[in-house]
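# Tertiary structure, described
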Amino acid sequence: MSDPALPARPIATALRYLAIIVGCACLLLAALCLAIAAQVFVQTGVFAQSYVIVGFISATLGLLALILSRVRK
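Residues numbered from 1 in each chain as written. Predicted model: local features only at pLDDT ≥ 70, side-chain atom pairs only at ≥ 80, totals over all residues. Heavy atoms only, no water.

Turning our attention to the state of the cysteines. Tallied over the entire structure, the rule returns zero disulfides. Between cysteine 24, a cysteine without a disulfide, and cysteine 26, which holds the nearest cysteine sulfur, the sulfur-to-sulfur distance is 9.5 Å. (Disulfide = S-S within 2.5 Å.)

Structure below.
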């Protein structure tokens, strides 16, 4: 049997930290895209749909990556 006091396998730990890094990067990209879209809308009155779509997709992928990092313990 495996001893629960032993640390997790190194590959699983590396994947967990990689998922956290990717999730945070995606959320940062989403915040940047939404800020640019808001700035374009305020300055020109034109809705920057492409930035909003990329922001929402990035936010979704970031949240999924963070959920994956929590599940893989």
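Here the focus is helix H2 (residues 49-71). Taking 1.5 Å per residue as the helical rise, H2 with its 23 residues ought to reach 33 Å, and the 33 Å between its terminal C-alpha atoms agrees with that figure. Regarding H2, the residues found buried are Val52, Gly55, Ser58, Gly62, Ala65 and Ser69. Lining the buried residues of H2 we find helix H1 (10-44). (Helix = DSSP H or I, 4+ residues; strand = E, 2+ residues; numbered from the N terminus. Expected span 1.5 Å × (residues − 1). Buried < 20%, exposed > 50% of the residue type's maximum accessible area, 1.4 Å probe, protein only. Contact = heavy atoms within 4.5 Å.)

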